[in-house]
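Residue strings, one per chain:
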Amino acid sequence: MSFEPKILGFLCNWCSYAGADLAGVSRIQYPPNMRVIRVMCSGRVDPKFIIQALELGLDGVFVMGCHPGDCHYLDGNYEAEKKFEMTKKFLSLAGLEDRIRLDWVSASEGKRYSEVVTKFVNDIKELGPSPLNGEEPDEELLENVRAIKAAVSSERMRALVGRERKITEEENVYGEKFPEEKFNELMDLAIKEEYERHRILLALEKYSKSVKDLAKELDIDPSLVLEHMLVLKSRSQVDFGEIIGNTPVFIRL
Amino acid sequence: MEKVGAVMIVGAGIGGSQAALDLADSGYKVYLIESTTSIGGVMAQLDKTFPTNDCAMCIVSPKLVETGRHQNIDLSINCRILDVSGEAGNFTIKVLKKTLYINPDICTGCGVCGRECPVEAIDLFNEGLAKYAATSVKYPQAVPLVYAINRDYCVGCGICLAVCKAKAVEYEREDEEVDINVGAIILAPGFDEYIPKAANLYGYGKYKNVVTSIEFERILSASGPYAGRVLRPSDGDIPEKVAFLQCIGSRDYSGNGQPYCSSVCCMYTAKEAVIAHEHMHQIKPTIFSMDIRAYGKDFDKYIIRAQEEYGVQYIRSRISSIKEVPETKDLRIRYETEDGKVMEEDFHMVVLAVGLNPPNDAKYLAEKFGVELNEFGFAKTDKFNPVQTSKPGIYACGAFSSPKDIPDTVTQASAAAGCVNQLLYEKRGTLITEKTLPPEIFVNGQPPRIGVFICHCGINIGGFVDVPEVTRYAGTLPNVVLTDRNLYTCSADTQTIIKDKIKEYHLNRVIVASCTPRTHEPLFQETIREAGLNRYLFQMANIRDQCSWVHMNEPEKATEKAKDLVRMAVNKAREIEPIERIRLPVTPKALVVGGGISGMVAALNFASQEYETFLVEKQEELGGFARNIYHTLEGGNVQELLADLINKVKSNKSIHTYTDAEIENIDGYIGNFKTSIIHGKNKERVEFDHGVVIVATGAKEYQPKEYLFGQNENVILQSEFEKMINSTDKLKNKKSIVMIQCVGSRNEEHPYCSKMCCAEAIKNALLTKEKNPDLEITVLFRDIRTYGFKEKYYRKAREAGVIFLRYDEDNPPKIVSEDSILKVEVSTPRKEIININSDLLVLSAGIYSDREENEELAKMLKVPLNDDNFFLEAHVKLRPVDFATEGVFVAGLAHCPKTIEDSISQANAAVSRACTILSKEEIEAEGKTAMIIPERCIGCGMCIENCAYNAIELIDDRRFGRIAQINQALCKGCGACSGNCRCAAIDVLGFTGEQVFAMITGRC
Amino acid sequence: MTTQTKQEESLNDEWEPKILAFLCNWCSYAGADLAGVSRIQYPPTIRVVRVPCSGRVSPYFIIKSLMDGWDGVVVSGCHPGDCHYLTGNLVARRRFAILKELLEFFGIEPGRVNFMWASAAEGERFANLIKKATKIVKKLGPNKKFEKKW
């Protein structure tokens, strides 16, 4: 039997969900692989939802909203786009970025709805089953996805993504427009840092480990691990444990 | 132009802060201008200080808090000098106060903004070792504790505004320009450390495990990024083998660094090595250095201890390059040992002892203030007065004029203040503000009516402790007649509320449950005093720093604890009584003991401020040690200076000089001394009253027993040699001169460095070479200690052909006299024996202090001597001219061997410290002092032994017999006497036994 | 070499001792404040009495605390040599050396009364010392030598 992917779809109530309904009313046929969750707005789709779906072994996640400018809630879909971009960047660190997609489908685009769904299903089929699916999921990857889930939910990432549009498109608190490239640089760095930090936190969950252990396990430069440790320590998430030989170990708090 | 009774101090490190406190306490308005966002400078970054291993933060932070709170100090942070005009006595300075984007008057320093800031920037205070938010404070104990937004990192997201409950964030806040009118200026901008990046010789910036000494200082610090664990940055392991490389960017003629010696690196390196080993015993430090320049008081002992007790290894070698071993990130060092072998060794970590450069903005400051810089880019100062810049009315102190350590900086800070006193003394008290307070409400005998104010501190307390519940509970406690809770109890509007409630409810005890009394008690005490209550009718319960913040995950238990803490405060409040601060009159006269340079400078400074001064000299003539010195190494004419000083002293009407004098007795205490002396040929007895004492009794030149001194006329002392060069032509027929250093210094009898001998030898060698270039001069030394800019002359001497040969302490040169020739045999570190035939042997004899003479005076003044018989100051780092006994100060050689310039600084510093007393008609002593319960005292005298301030004596009381008595003027209220009193006959006001018991008891 | 160790099991939290802590104003109290500013968490077992100097702490204070039912007492001053009052902590150290023996003679378990040093820069050390003292007193159990008065 050929591979039949399981795909989760988040559809906004006002455009995409209506579009899907229209496809039904018009009896337009498309593959049955997507299960839909109706949300009031694509802006409601928390990055955590997407990651959790992947963590549970779904082969793909599709987020759909109104076309730019058409949002029932004025700019919810713009927010959705920023959050999606961030999520994608995070997932690219684990090599899962192609398993999620964002697209705009209006209430009148029943045909288009069926097209984009078909395309996504086919693309996922080509990618094959999720490595997190099945009896023996890829444990290492699973850990990384969990780290991403924690990272996208962190206050720092939420704060950055939540204010991104305001400060890069309108004006920041000083009445200036913050340059987008500079913000993206900052965002990319924050994504990398938070991903690594949450991987460290997860790795420390069961056992306390030294910087060198973590560096080897996670393939991060040890000096960078140490830097992360200091930040995590200031956030009261880790602390120094005992010293074995000449090597101090860290414990998760 | 009319003089102005205000002073501007530029730079608020330890030097600037000390000068500010001295002047503010002497009746001047002080404008303290700081370029960064908090005061404390480099000292606040240090872990420990040498040679006592004192915790830097512990000793500096009370001083900083005092500076931040002083009502005559106007502190401005984040400032830049724009323009300066005017002249000595009346300057106007335009200052740019850069915005912090946070209102410093409202910010409570709670730090929520920093925790929520999503942008991570580098934390400069920790030297880039840790990360910090764009909204930050320099360090947790910063003064003022005000957060600032760093616009370089801020993206303008607005989160800090949203989380700040105090509403202190003001993005629209703009820079402000102000004109400040002052009579004098003190420049104390400090230094910037040499960054070895440019040369990249040592792999700094390239190899992770190569750090600078200041970075290592943060690594050592308990409040640093690694919380006091010594870890190497590459992988977080504890480095077992740590190499310290000296003279990085100092004594460097290659053009990469600076040619001078940075003066402090030898000692701070020894300290860092010792502390590293102390923190982590597996660490074995190795120090690579050329000379070990441990020239200060008790420094040599520290170096010896480092080697003997802490296993610090010294290798005399200068390392030129380091290579990283790629697999381990260890560092491979190649070096040549003194006996010529080339070695290669791997270390886990390398610390570069970086030198002190002039501050980065030295040129800018010099230009604005119109002062000259010297050839090295430091402030140029007077030959004999190291705090006087090239412009009258502008003084410099600390590392801005030359690299120096903390005590020298503090001394200079006071010295600069001493010079300001001379300039502005007539305007003292004209610009300071004195508050008029309502008379105190009489509360004695009334039942306690306690008001409890509980603070939410935004979410800092309220987020974790159930404040309404604590408030309810407080209301149930006996005698509590009012409870109130506030978002921020420290805010200005709450102060008004507190005052109103005191009146409305007739409160006679006030409790605030909020943050720490260490920073906020004075504020609330001031508030209740303004409402007419004695300021000691106040108690604080620390439910933030020691409760909500440290039990964030256990809100219920934190609430329980907060209730207990409030109950304990209420229990104590019931027992507290008003305390009167004692006022003591001050006799505005000074006694200066010793008529050398230090003594005369001090006397003249006092006299120029119209204080009557008694100058007492043991010998028949004034002048002291300096009478044997002709020039300084830098070319200052000492005899000219001396003649000038003696002349001025003799002609000054305010100075009473007594020569051939002996002190018979000194009685009394701060502000109120009585002294009798016997002077002159006729042994006349004189008695006088005075308010302060300066000890400037000097020291003596060692008379060697070694090297045939006294047996062979061709063996002479450096002082005799100086006389020979300057006043005879005996040099002409000499062919070879040998000088031996450290004669009577750094040995068992005198285990300290005499500091001046290296400079003396080089000075005389240079002068000799000038007069007779063909004369061969060999200097036999152990370490050449030409610290600071004196290094220049060491190089000059080597260029002039003076030969320097090192010998070991264990293997001193041997002298054989044959006819008129002295044969000198030296064994060098290369194990070679060198024979020199010389016709003159010059011994660099050390300086020593006579125990018997000093002990007599020390006993009269109740001040201590150290093991080497020099006078021991109150605190080696921060109170270098004070004694623990108040009103008594020290200057010059009596303190330890030092140069003439340093002695002059110390004399002026001692005067400045004394002026903080003499400038007042009466002094107010701390109210929380010990007190004797006479009916319990048996007069055993135990308390006298325990008192570090000599505040207790035994008296014969008419009713109680022999009992102890406490001099409240001297008592500091530590309670050591009370805790040890076997009869429980001593109590401490503010912390009485009853009050502590009330806190101990679990009941209400 | 492996440096992995099993996470220490959290202390069982049925009974929490109550410990009275006498902290000197200049070092240990400041160190406790620093622990707060740095948000270093430690067990909520101590109640602090601020004293000017560890030298102020009379042996009677300690005995009285135990009589009053506190499960433990902590006295913390500046490190030897760092005393704000020059020698107050040295006086205290000598005094407590004797007191310790005396308390043992009375049958008070060693460990119920703890003397320690923490500087103003040692927030973390302070927290660790409190953790340690709590652990020790917890192990000893409630103070039953004296009738509990509250």
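Residues numbered from 1 in each chain as written. Chains lettered and ligands numbered in written order. Predicted model: local features only at pLDDT ≥ 70, side-chain atom pairs only at ≥ 80, totals over all residues. Heavy atoms only, no water.

Draft legend 1. Broad picture of the overall build of chain A. Within chain A, the regular secondary structure consists of nine helices and seven strands. Oriented by its inertia axes, the alpha-carbon framework of chain A measures out at about 70 × 60 × 25 Å. Taken over 253 residues, chain A has a buried fraction of 53%. Restricting to contacts in chain A with at least 6 residues of sequence separation, those with at least 24 account for 71%. Treating the 35 positive side-chain charges of chain A as one cloud and the 44 negative ones as another, the clouds have centres 3 Å apart. (Helix = DSSP H or I, 4+ residues; strand = E, 2+ residues; numbered from the N terminus. Buried < 20%, exposed > 50% of the residue type's maximum accessible area, 1.4 Å probe, protein only. Contact = heavy atoms within 4.5 Å. Lys, Arg positive; Asp, Glu negative; His and termini not counted. Charge placed at Lys NZ, Arg CZ, Asp CG, Glu CD.)

Draft legend 2. Broad picture of the pattern of salt bridges. Counted under the stated rule, the structure contains 100 salt bridges over all chains. A salt bridge links Glu55 of chain A to Lys149 of chain A; its shortest N-O distance comes to 2.8 Å. Taken as a pair, Glu55 of chain A in helix H2 (residues 47–55) and Lys149 of chain A in helix H5 (residues 139–152) lie far apart in primary sequence, 94 residues in all. Per residue, the accessibility class of Glu55 of chain A equals that of Lys149 of chain A, and both read buried. Between Lys212 of chain A and Asp237 of chain B there is a salt bridge, and its shortest N-O distance comes to 2.5 Å. Residue Lys212 of chain A is found in helix H8 (residues 211–218), and its partner Asp237 of chain B is found in the loop between helix H5 (213–220) and strand S16 (241–248); the two belong to separate chains. Given a relative accessible area of 9%, Asp237 of chain B falls into the buried group. (Salt bridge = Lys/Arg side-chain N within 4 Å of Asp/Glu carboxyl O.)

Draft legend 3. Quick look at the interface of chain B and chain C. Of the residues lining the interface, 59 residues belong to chain B; the matching set on chain C comes to 59 residues. Taken together, the two surfaces of chain B and chain C that pack against each other cover about 4900 Å², and 58% of this comes from carbon and sulfur. A salt bridge links Lys18 of chain C to Asp564 of chain B; the shortest N-O distance between them is 2.7 Å. Of all the elements in the fold, those that place two or more residues in the side of chain B that touches chain C are strand S4 (54–55), helix H2 (56–69), helix H12 (517–530), helix H13 (544–548), helix H14 (555–575), helix H23 (976–980), strand S52 (986–988) and helix H24 (993–1000) of chain B. Considering each element in turn, the side of chain B that touches chain C owes the most residues, six residues, to H14 of chain B. Split by residue class, the side of chain B that touches chain C holds 26 nonpolar, 19 polar and 14 charged. (Buried area = accessible area lost by both parts, 1.4 Å probe. Nonpolar A, V, L, I, M, F, W, Y, C, P; charged D, E, K, R; others polar.)

Draft legend 4. Just unusual backbone geometry, in detail. Residues and elements named next belong to chain B. Of the consecutive residues Phe50 and Pro51, the connecting peptide bond is found in the cis state with omega at -5°. If you trace the backbone, Pro51 turns up in the loop between strand S3 (48–49) and S4. Cis rather than trans, the peptide bond between Val143 and Pro144 has omega equal to -10°. Residue placement: Pro144 occurs in the loop between strand S10 (135–136) and strand S11 (148–149). Although it is not a glycine, Asn479 sits at a positive phi angle of roughly 75°. Residue position: Asn479 is located in the loop between helix H10 (467–476) and strand S26 (480–486). A positive phi angle, close to 50°, is found at Asp660, a residue other than glycine. Among the secondary structure elements, Asp660 is positioned in the loop between strand S32 (655–658) and strand S33 (662–669).

Draft legend 5. The sheet that holds strand S21 (residues 342–347) of chain B, seen in detail. All names here are of chain B. The antiparallel open sheet is built from three strands, whose spatial order is S19-S20-S21. Either end of the sheet is taken by a strand with one partner, and the two such strands are strand S19 (322–325) and S21. When strand polarity is set aside, the average angle formed by the axes of neighbouring strands in this sheet is 25°. With six bridges connecting them, strand S20 (residues 330–336) and S21 associate as antiparallel partners. Among the inter-strand pairings, Arg334 is bridged to a residue of S21, identified as Glu344. (Pairing = 2+ DSSP bridges. Axes fitted to C-alpha atoms, helices over the stretch in contact; angles between N-to-C directions.)

Draft legend 6. Quick peek at the state of the cysteines. Residue and element names in this part refer to chain A. For the structure on display, the rule yields one disulfide over all chains. Across the disulfide from Cys15 sits Cys66; the S-S distance is 2.3 Å. Residues Cys15 and Cys66 share a disulfide whose torsion about the S-S bond is about 100°; that sign makes it right-handed. Of this pair, Cys15 sits in the loop between strand S1 (7–12) and helix H1 (16–25) while Cys66 sits in the loop between strand S3 (60–65) and helix H3 (76–92), and the two are 51 residues apart along the sequence. Exposure remark for Cys66: the relative accessible area of 3% places this residue in the buried category. Cysteine Cys41 is unpaired, with the sulfur of Cys71 as its nearest cysteine sulfur at 4.0 Å. Assessed through its relative accessible area of 11%, Cys41 is described here as buried. (Disulfide = S-S within 2.5 Å.)

Draft legend 7. Just the domain arrangement of chain A, in detail. All names here are of chain A. The domains assigned to chain A are domain 1 (7–127) and domain 2 (154–252). A straight line from the C-alpha centre of domain 1 to that of domain 2 covers 29 Å. Each partner contributes to the interface: domain 1 provides eleven residues, whereas domain 2 provides 15 residues. A buried area of about 1200 Å², summed over both sides, lies between domain 1 and domain 2, and 61% of it is on carbon and sulfur atoms. The closest approach of N and O atoms between Arg158 and Asp46, which form a salt bridge, is 2.7 Å. (Domains from an automatic or database assignment.)

Draft legend 8. View of the packing of aromatic side chains. Residue and element names in this part refer to chain B. All told, the structure shown has 33 aromatic pairs over all chains when counted by the stated rule. Relative to Phe804, the ring of Tyr794 lies with its centre 4.9 Å away and its plane at 85°, an arrangement referred to as edge-to-face. Remark: Phe804 occurs in strand S41 (residues 803–806) and Tyr794 occurs in helix H19 (residues 791–799); sequence separation between them is ten residues. The same class applies to Tyr794 as to Phe804, namely buried. The side chain of Lys877 reaches across the aromatic face of Phe50, ending 3.9 Å from its centre. (Phe/Tyr/Trp six-rings, centres within 6.5 Å; stacked < 30°, edge-to-face > 60°. Lys NZ or Arg CZ within 6 Å of the ring centre and 35° of its normal.)

Draft legend 9. View of the nonpolar core. One finds Ile186 of chain B together with Phe22 of chain C to be the most contacted residues of the largest nonpolar core, which totals 142 residues. Ignoring any residue separated from it by four or fewer positions in sequence, one finds Phe22 of chain C in contact with Val996 and Ile1000 of chain B together with Val49, Val51, Val57, Phe61, Ser65, Val73, Val74, Val75 and Ser76 of chain C. (Core = buried A, V, L, I, M, F, W, Y, C linked by side-chain atoms within 4.5 Å.)

Draft legend 10. Focus on helix H6 (residues 155–170) of chain A. All names here are of chain A. Spanning 16 residues, H6 covers 22 Å between terminal C-alpha atoms, matching the ideal 22 Å at 1.5 Å per step. When the local axis directions of H6 are compared, the greatest deviation, roughly 45°, occurs at Arg163. Three or more residues of H6 are buried, namely Arg156, Met157, Ala159, Leu160, Val161, Glu164, Arg165, Ile167 and Thr168. (Expected span 1.5 Å × (residues − 1). Bend = angle between axes of the 7 residues up to and from the residue.)

Draft legend 11. Local environment of the pairing of strand S39 (residues 736–743) of chain B. Residue and element names in this part refer to chain B. Of all eight residues in S39, eight are buried, a share of seventy percent or more. As paired elements, S39 and strand S40 (residues 776–781) share five bridges and run parallel to each other. If you follow Ser736 over to S40, its bridge partner there is Glu776. Where the polypeptide runs from S39 across helix H18 (residues 757–771) and back to S40, its parallel neighbour, the crossover connection is right-handed. (Right-handed = clockwise from strand over helix to strand, strands pointing away.)

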